[in-house]
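Chain residues, written in single-letter form:
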Amino acid sequence: MAELRISYECVIGLEIHIHLNTAAKIFAPEAVTYGAPPNTHLSPLTIGHPGTLPYLNKGVIERAIKIGLATNCSIASKVGFARKNYFYADLPKGYQITQDQNPICSDGFLDIQLNEKAATKRIGIERIHLEEDAGKSSHDQEAHTAVDLNRAGSPLIELVTKPDIRTADEAVAFVASIRQLVRYLGISEANMEKGQLRCDANVSIRPLGSSKLGQRTETKNLNSLRNVKRAIEYEFKRQIGIAKKEGIIEMATLTWDEQRNSNFAIRSKEQAHDYRYFPEPDLPPLLITEAQLTQLKAQQPELASERKRRYQNELGLSLYDATLITEDLADAQYFDQLIAANIPAKQAANWLGVHLRAWCNENQKTISEFPLAPEKVAALIRLVIDGAISSSVAAQQLLPLLLENPNANPQELAKKNQLILKDDDDWLLALIDATLEKYPDKVKAYKQSKKAKGLIGLFMGDIMKAAKGKADPQKTKKLLSERLSA
Amino acid sequence: MKIDEATFQHLAKLSKLQFSKEEQAIIQKDLERITDFFGLISAVDTTAVEPLIYLSEQENVSRADEARNTLAREDALRNAPKHDGEHFLVPKMIDK
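Let me begin by describing the structure that accompanies this report. Predicted, not measured: the structure shown is a model, and the values here were computed from it.

Looking now at the overall build of chain A. Helix and strand content of chain A: 15 helices and 17 strands. Against the globule reference of 23 Å for 486 residues, chain A gives a C-alpha radius of gyration of 30 Å, more extended than a compact globule. Seen through its principal axes, chain A has C-alpha atoms that stretch 90 × 70 × 55 Å. Of all 486 residues assigned to chain A, the portion counted as buried reaches 48%. For chain A, the proportion of contacts with a sequence separation of at least 24, taken over those separated by at least 6, is 67%. Approximately 24,300 Å² of chain A is accessible, and the part contributed by carbon and sulfur atoms is 48%. Within chain A, one finds 63 positive and 60 negative side-chain charges whose respective centroids are separated by 5 Å.

In structure tokens, the structure reads:
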């Protein structure tokens, strides 16, 4: 019998946990912190003392509604919580307060794009619910597990997609879009390295064309976009391997081992939890009115896609520049400030996308950590626009000088370092003539053959070198062309 | 309600409790009597009744997002059976 070749497709659903950037925890008053000394941000409630009651932080509700609105979800009119019961030392109460049957946001969607030119694809969002985070256990000590409860009670949203994602690249695009969205909404820093955004991937396979869902596995705690991609690709291949041998794919909870580039099971079907959800009676229901929703809708900030469109339509940026600048909200805000300082959009985009980004990449920092205020950079670009210095000198010499003296005035700094262009035609013509006299053969070749037009670059290079950065390239080119055609 | 062997073992596991054969016989019987007792409530017709979740009539109880610390570390650790001055120490557990 001929071997049947079945093509499989991957079916992926994501669960994304995102820390909300409130000042205080979700049900307790102490601060939400990262990297604070262990157990320094606690309250009797957080450490599970009897007689304590949870008290809901308004800030988390507003933030959850904001992402719900931005992802086209229905917002519940009545919000209640539920207890998810399980025993673990970093969960002192013995249950996690979360939402079960009635999540605050449900049934939405987000459109993703694999790149700026690809068609959009709609990914359904099943639900977004609120919950508290657990503490942290470390197992490095010999005899004990050490528990730090600072993180316990930090506010989280969990976003669950429909199984609409088909490839690892789509999954990465979705996570990146959600990360960008929550940053634009200002509800989370969503730093994956700090664990502010964590992703679980539910993966199953089915023969191409089938509409039935296969048995899925869940890979937990993917903490970078790279790991999302690798873990899904690995699990897809693993399941195909099993299916080809006519084996059975079993339900399992897996963890991704970055070093070994493979996964392993942390829980099998037999060990599956029984969480015994029930409504949390200690938190009275919260009613969300239409008036509140209308008000929050009006307060929604401009999102990346809208900003991108505006940059193209109103400021005339290319799709490429607009995409690059709106990728990160901090970049877009910096750009806006350059525009506010009357820098033309194309030049602002160019400086931000090339020179400032180069500094960020070199120093592995973000634009928010760039030492120069937008006004300072605007003053520098203004010198180029006014023809006082050349753009290459501005980028290669004045910018580094300014970074060393962030408080200096760019114009004075340029003068002090003799970077100002010399506005002197006689001086420039003398330099041009000196160069042309140096290369009589090439001048002849240039005049005789159209193919030798490239020689102008050689002449220009020589002249600019002799001018020590003080010749205006455009003017030099103009004068040089005149001399050559004379 | 009949508490069969499988249900009993499941409950024991969830409660992190262990029972001898003799203890199990007694507890199993007790559990059956307790669930039967609560079963009496099923006699009431609740077709048009909303489930009662909250005993208080309060709604919309929330506080402003302001952080303040209410418990010093040394106080938090004071009741812990074991600690190292910084962490709560619990028996070794590896979640793998």
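Once the structure has been displayed, the description carries forward.
Moving on, we come to the packing of aromatic side chains. Per the stated rule, a full pass over the model turns up 11 aromatic pairs over all chains. Between B:Phe37 and B:Phe38, the ring centres sit 6.0 Å apart and the planes meet at 80°, which makes this aromatic pair edge-to-face. Using a relative accessible area of 56% as the deciding quantity, one classes B:Phe37 as exposed. We classify B:Phe38 as exposed; its relative accessible area is 53%. Pairwise contacts between aromatic rings join A:Tyr86, A:Tyr275 and A:Tyr277 into one cluster. The residue whose ring lies beneath A:Lys84 is A:Tyr275, and the NZ or CZ to ring-centre distance is 4.4 Å. Between the NZ or CZ atom of A:Arg122 and the centre of the ring of A:Phe109, over which it lies, the distance is 3.7 Å.

For the rest of this paragraph, the subject is the interface of chain B and chain A. Counting from both sides, the interface comprises 36 residues of chain B and, opposite them, 56 residues of chain A. Across the interface of chain B and chain A, roughly 4,000 Å² is buried in total on both sides, 58% from carbon and sulfur atoms. Of all residues in chain B, B:Tyr54, B:Arg63 and B:Met93 bury the most surface against chain A, accounting for 19% of the area lost on that side. Counting every contact that joins chain B to chain A gives 21 residue pairs in polar contact (both at pLDDT 80 or more). Top element by residues in the side of chain B that touches chain A is strand S2 (residues 88-91) of chain B. It accounts for 4 residues. The class makeup of the residues in the side of chain B that touches chain A is 14 nonpolar, 8 polar and 14 charged. Pairing between strand S10 (residues 144-148) of chain A and S2(B): 4 bridges, direction antiparallel. Paired with A:Ala146 across the two strands is B:Leu89, which belongs to S2(B).

Moving on, we come to the nonpolar core. Residue and element names in this part refer to chain A. By size, the foremost hydrophobic cluster in this structure holds 105 residues, and its most contacted members are Leu14, Leu130 and Phe174. Of all the elements, helix H2 (residues 168-185) adds the most residues to this core, at 11 residues. When residues no more than four places from it in sequence are discounted, the contact partners of Leu130 are Leu20, Ile26, Val60, Ile61, Ala64, Phe81, Thr98, Gln99, Ile104, Leu156 and Ile157. Counting 19 residues, the second largest nonpolar core, distinct from the first, contains Phe459, Met460, Ala467 and Leu484.

It is worth spelling out a nonpolar patch on the surface at this point. A contiguous nonpolar patch, built from B:Ile34, B:Phe37, B:Phe38, B:Leu40 and B:Ile41 and spanning about 570 Å² of accessible area, is present on the exposed surface. Looking at the element boundaries, B:Leu40 is found in the loop between helix H2 (21-39) and strand S1 (62-63).

Turning our attention to the packing of helix H8 (residues 345-363) of chain A against helix H9 (residues 374-385) of chain A. For any two helices packed against each other, the geometry is given by the interaxial angle and the distance between the axes. Residue and element names in this part refer to chain A. Where H8 meets H9, the axes come as close as 11 Å, and the angle between the chain directions of the two elements is 115°. Between H8 and H9 lies a crossing of right-handed hand. In contact with Gln347, Trp351 and Leu356 of H8, H9 contributes Val377, Leu380, Ile381, Val384 and Ile385. Along the lines of polarity and charge, the residues of the contact of H8 with H9 split into 7 nonpolar, 1 polar and no charged.

So, on to the sheet that holds strand S12 (residues 197-207) of chain A. Residue and element names in this part refer to chain A. Pairing in this open sheet of 9 strands is mixed, and the strands run S3-S7-S8-S11-S1-S12-S13-S14-S15 from one edge to the other. Unpaired on one side and paired on the other, strand S3 (74-75) and strand S15 (262-268) mark the two borders of the sheet. The pairing of strand S8 (residues 121-132) with strand S11 (residues 155-161) spans 7 bridges and is antiparallel. Opposite Ile128, over in S11, you have Leu159 as the bridge partner. Against the sheet, H2 engages strand S1 (8-19), strand S7 (105-112), S8, S11 and S12, with an angle of about 20° to S1.

What follows is about the environment of A:Glu30. Its location among the elements puts A:Glu30 in the loop between S1 and strand S2 (56-57). Along the backbone, A:Glu30 and A:Pro284 are 254 residues apart, and their C-alpha atoms lie at a distance of 21 Å. If we skip the residues at most four places from it in the chain, A:Glu30 touches A:Ala23, A:Ala24, A:Lys25, A:His41, A:Leu42, A:Ser43, A:Thr46, B:Ala67, B:Arg68 and B:Asn69. In terms of polar contacts, A:Glu30 uses its side chain to reach the side chain of A:Thr46, at 2.4 Å.

Another point: unusual backbone geometry. Residues and elements named next belong to chain A. Non-glycine residue Asn72 carries a positive phi angle of around 60°. Tracing the backbone through its elements, the reader meets Asn72 in the loop between helix H1 (58-70) and S3. The partly exposed category is assigned to Asn72, whose relative accessible area is 38%. Unlike most non-glycine residues, Asn261 shows phi in positive territory, near 55°. Mapped onto the elements, Asn261 comes out in the loop between strand S14 (252-257) and S15.

Rules used throughout
Residues numbered from 1 in each chain as written. Chains lettered and ligands numbered in written order. Predicted model: local features only at pLDDT ≥ 70, side-chain atom pairs only at ≥ 80, totals over all residues. Heavy atoms only, no water. Helix = DSSP H or I, 4+ residues; strand = E, 2+ residues; numbered from the N terminus. Rg over C-alpha atoms; globule rule 2.2 N^0.38 Å. Buried < 20%, exposed > 50% of the residue type's maximum accessible area, 1.4 Å probe, protein only. Contact = heavy atoms within 4.5 Å. Areas by Shrake-Rupley, 256 points an atom, 1.4 Å probe, with all protein chains shown as cover. Lys, Arg positive; Asp, Glu negative; His and termini not counted. Charge placed at Lys NZ, Arg CZ, Asp CG, Glu CD. Phe/Tyr/Trp six-rings, centres within 6.5 Å; stacked < 30°, edge-to-face > 60°. Lys NZ or Arg CZ within 6 Å of the ring centre and 35° of its normal. Buried area = accessible area lost by both parts, 1.4 Å probe. Polar contact = N/O pair within 3.5 Å; in protein donor to acceptor, adjacent residues only side chain to side chain. Nonpolar A, V, L, I, M, F, W, Y, C, P; charged D, E, K, R; others polar. Pairing = 2+ DSSP bridges. Core = buried A, V, L, I, M, F, W, Y, C linked by side-chain atoms within 4.5 Å. Patch = residues over 30% accessible without salt bridge, like charges linked within 9 Å, V, L, I, M, F, W, Y side chains within 5 Å. Salt bridge = Lys/Arg side-chain N within 4 Å of Asp/Glu carboxyl O. Axes fitted to C-alpha atoms, helices over the stretch in contact; angles between N-to-C directions. Left-handed = near helix turned anticlockwise from the far one by under 90°.

All quantities given are derived from atomic positions and should not be read as evidence of function.
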